[in-house]
Amino acid sequence: MAWIAERRRQSRFEAVVLPHLDAGYALARWLTRNDADAADVVQEACLRALRYFDSYHDGDAKSWLLKIVRRTSYDWLERNRPSEVVPLELDSDSNGSVHSPPAGSTDADALLESRSDLRRLDVLIEHLPPPLREAIVLRELQELDYRQIAEVTGVPIGTVMSRLHRARAALRQAWDGKGCR
Amino acid sequence: MRCDEVHPRLDAYLDNELAEPERTGLRDHVESCPDCGPEAAALERLRDEIRNFAPVYRAPDELRSRIRFALRREASASASAAVPRAPGWLAYAASIMLAVAVGSGGTFLLLGDRQTDAIGAEIIDSHLRSLLGTHLTDVASSDQHTVKPWFAGRTDLSPPAVDLRMEGFPLVGGRLDLIAGKPVPALVYKRREHVINLFVLPASPTDHGETLTRRGYNLRHWDEGDLGFWAVTDAAPTELAEFERLYRATTKG
């Protein structure tokens, strides 16, 4: 009978989690900046979520999944691209300027400089430091409120507010600075 | 309100995160202030630009089925770990079926080959799981040109997916299942209200032309070329034999 219980649990899991797969994929895509990597992260996150499913208590399923996807994304980045990981807790050390691309991508750097699409918003968002990037993505593209963003990213609401403020200031600066409006 | 009080709260104001007295205070200020007004407008413009022009990423279909499959494998791994400890209702059901089978002249056979026996048991488990859950089919279609290509890339085994609707066995779709830890295609047919799962594995040396009855389910196994077919159902043994005959005749031609 144990496998019947397991099967029921899995069906419930799929009903709770799979509707938010697009949201999870979008967050992973913004954090990894790559389609294939985002897919790997989301798959791993779903398996983790299945294992932690007993800790889910009929709450906000989207936030719950996004929290796991976010954690999985950073674990994945730490394993595969350690140079990109910015210490999340050190809020004060990221002054809100748009970071240059990670070390090892100087070619990409040069390419970007020479291309007009440096002004494109998605490129600018991708170059925000991860704590600011995830805040802006969760707010503007997933339309989460501050409480949900705080839940997903594991920081107080005040920090969410200041990260959003800094993210927007950085985006406007980079955007206006390049003469686009 | 002074500008230096308003400025740090502009984001929260535009994000609709301020409680009422403060919100009205900010709105009044923003509407009248020559500095904060344009500042708020610029922030709104940025927000609109992001929402309208940033790429919208969606999980590809391929990822969806990959995840479904990985989840199922995970669940069946923990489930099969649990099976040996499962309470005895299956044995109980089997003993009833044995009694019924013996009483009715006996189609209940014991298999000598332990490996075949294990696969047969697993196939019946998978059949049961497919009936209980929400995933009888991954691809629901009676069109062989939809079902067969769906398996390509998901498994090495490519079964002929013929619709036997005219013969009374309509094809309802296909599913990826797990037998002996390997992904295998399962074709799903119906016989009136009964489901027939046709699992396709690599051919094995043992071939059984008899209908085996396990836990009340009927199982037939035959090989065709390098594919081994395992058909399982709760429809009558004669109907399952008829299904095998039709399927083999149609796929040969």
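Residues numbered from 1 in each chain as written. Chains lettered and ligands numbered in written order. Predicted model: local features only at pLDDT ≥ 70, side-chain atom pairs only at ≥ 80, totals over all residues.

## Considerations on the overall build of chain B
- Across its full length, chain B holds nine helices and seven strands.
- Evaluated residue by residue, chain B yields a buried proportion of 31% over its 253 residues.
- Put simply, of all contacts in chain B between residues at least 6 apart along the chain, 57% involve residues at least 24 apart. (Helix = DSSP H or I, 4+ residues; strand = E, 2+ residues; numbered from the N terminus. Buried ≥ 20, exposed ≤ 12 C-beta atoms within 10 Å, placed from the backbone. Contact = placed C-beta atoms within 7 Å.)

## Details of the overall build of chain A
- In terms of helices and strands, chain A carries nine helices and zero strands.
- Sequence-ordered secondary structure for chain A, helices as α and strands as β, is α-α-α-α-α-α-α-α-α.
- Counting every position in chain A, which comprises 181 residues, the buried fraction comes to 41%.

## Here's the deal with the interface of chain A and chain B
- Opposite the 34 residues of chain A that make contact, chain B presents 38 residues.
- Of all the secondary structure elements, the ones that give two or more residues to the side of chain A that touches chain B are α1 (2-17), α2 (21-32), α3 (35-51), α6 (121-126), α7 (130-141) and α9 (157-177) of chain A.
- Considering every element that reaches the side of chain A that touches chain B, the biggest residue donor is α1(A), with eight residues.
- Of the residues contributing to the side of chain A that touches chain B, the split by class is 19 nonpolar, four polar and eleven charged. (Nonpolar A, V, L, I, M, F, W, Y, C, P; charged D, E, K, R; others polar.)

## Considering the packing of helix α3 (residues 20-32) of chain B against helix α4 (residues 36-53) of chain B
Residues and elements named next belong to chain B.
- Taken N-terminus to C-terminus, the directions of α3 and α4 make an angle of 105°; their axes are 6 Å apart at the nearest point. The angle between α3 and α4 places the two elements in the roughly perpendicular class. Every residue of α4 that contacts α3 at H29, V30 and E31 is listed here: C36, G37 and A40. (Axes fitted to C-alpha atoms, helices over the stretch in contact; angles between N-to-C directions. Parallel < 35°, antiparallel > 145°, perpendicular 65-115°, else oblique.)

## Regarding unusual backbone geometry
- Despite not being glycine, A:E143 shows a phi value in the positive range, around 55°.
- Mapped onto the elements, A:E143 comes out in the loop between α7 and α8 (146-153).
- One non-glycine residue, B:N16, lies in positive phi territory at about 65°.
- Among the secondary structure elements, B:N16 is positioned in the loop between α2 (10-14) and α3.
- Assessed through the 9 C-beta atoms surrounding it within 10 Å, B:N16 is described here as exposed.

## Section: the nonpolar core
- One finds A:L27, A:V42 and A:V69 to be the most contacted residues of the largest nonpolar core, which totals 57 residues.
- Ignoring any residue separated from it by four or fewer positions in sequence, one finds A:V42 in contact with A:L21, A:G24, A:Y25, A:A28, A:V69, B:A59 and B:L63.
- Ranked by size, the runner-up nonpolar core spans 33 residues in total, among them B:F169, B:L187, B:L212 and B:Y217. (Core = buried A, V, L, I, M, F, W, Y, C linked by C-beta atoms within 7 Å.)

## A look at the confidence of the model for chain B
Residue and element names in this part refer to chain B.
- On average, residues of chain B carry a pLDDT of 79, and 80% of them reach 70 or more.
- Averaged pLDDT values for the elements of chain B fall to 46 in helix α6 (residues 89-103) and rise to 93 in α2.
- Note on residues 83-89: pLDDT is under 50 here. Beyond four places in sequence and across chains, it has seven contacts.
- In the model, residues 94-114 has pLDDT below 50 throughout and makes 22 contacts with residues more than four positions away in sequence or in other chains.
- Here the predicted complex carries an ipTM of 0.78, next to a pTM of 0.57. (pLDDT = per-residue confidence, 0-100.)

## A word on the confidence of the model for chain A
- For chain A, per-residue confidence averages 80 on the pLDDT scale, and 76% of positions sit at 70 or higher.
- The model gives residues 89-108 of chain A a pLDDT under 50, and that stretch makes 27 contacts with residues more than four places away or in other chains.

## So, the environment of B:I119
Residue and element names in this part refer to chain B.
- Looking at the secondary structure, you find I119 in helix α7 (residues 114-132).
- Judged by the 22 C-beta atoms lying within 10 Å of it, I119 falls in the buried class.
- Along the chain, I119 and A180 lie 61 residues apart, while their C-alpha atoms are 7.2 Å from each other.
- Here I119 is in contact with I179 and A180, once residues within four sequence places are set aside.

## A word on the pairing of strand β3 (residues 182-191) of chain B
All names here are of chain B.
- Bridge count for strand β2 (residues 171-179) against β3 is eight bridges, and the pairing is antiparallel. Across the sheet, R175 pairs through a bridge with A186, a residue of β3.
- Joining the antiparallel neighbours β2 and β3 is a turn of two residues, in which A180 adopts a positive phi near 50°.
- By the bridge criterion, six bridges tie β3 to strand β4 (residues 194-202) in an arrangement that is antiparallel. Considered in β4, the bridge of K190 is made with V195. (Pairing = 2+ DSSP bridges.)

## Digging into the pairing of strand β7 (residues 227-233) of chain B
Residues and elements named next belong to chain B.
- For β7, the tally of buried residues reaches six of seven residues, placing the bulk of the element in the interior.
- With seven bridges connecting them, β4 and β7 associate as antiparallel partners. What sits directly across from F199, in β7, is W230.
- Examined bridge by bridge, strand β6 (residues 217-224) and β7 share seven bridges and lie antiparallel to one another.

## Focus: α3(B)
Residue and element names in this part refer to chain B.
- For α3, spanning 13 residues, the distance from its first C-alpha to its last is 19 Å, which sits close to the expected 18 Å at 1.5 Å a residue.
- Along α3, the residues that are buried comprise L26, H29 and V30. All buried residues of α3 fall inside an arc of 95° around its axis, so they share one side. Exposed side of α3, more than 90 degrees from the buried face: E20, P21, T24, D28, E31 and S32 are the residues found there.
- Where α3 is buried, its residues meet α1 (3-6), α2 and α4. (Expected span 1.5 Å × (residues − 1). Arc of directions from axis to C-beta.)

## Section: the packing of α2(A) against helix α4 (residues 61-80) of chain A
Residues and elements named next belong to chain A.
- For the pair α2 and α4, the least separation of the axes is 9 Å and the interaxial angle reads 30°. Put simply, α2 runs roughly parallel to α4. The element α2 and its partner α4 pack so that their crossing is right-handed. Of α4, the residues touching α2 (which contributes A23, G24, L27, A28, L31 and T32) are K62, L65, L66, V69, R70, S73, W76 and L77. (Left-handed = near helix turned anticlockwise from the far one by under 90°.)

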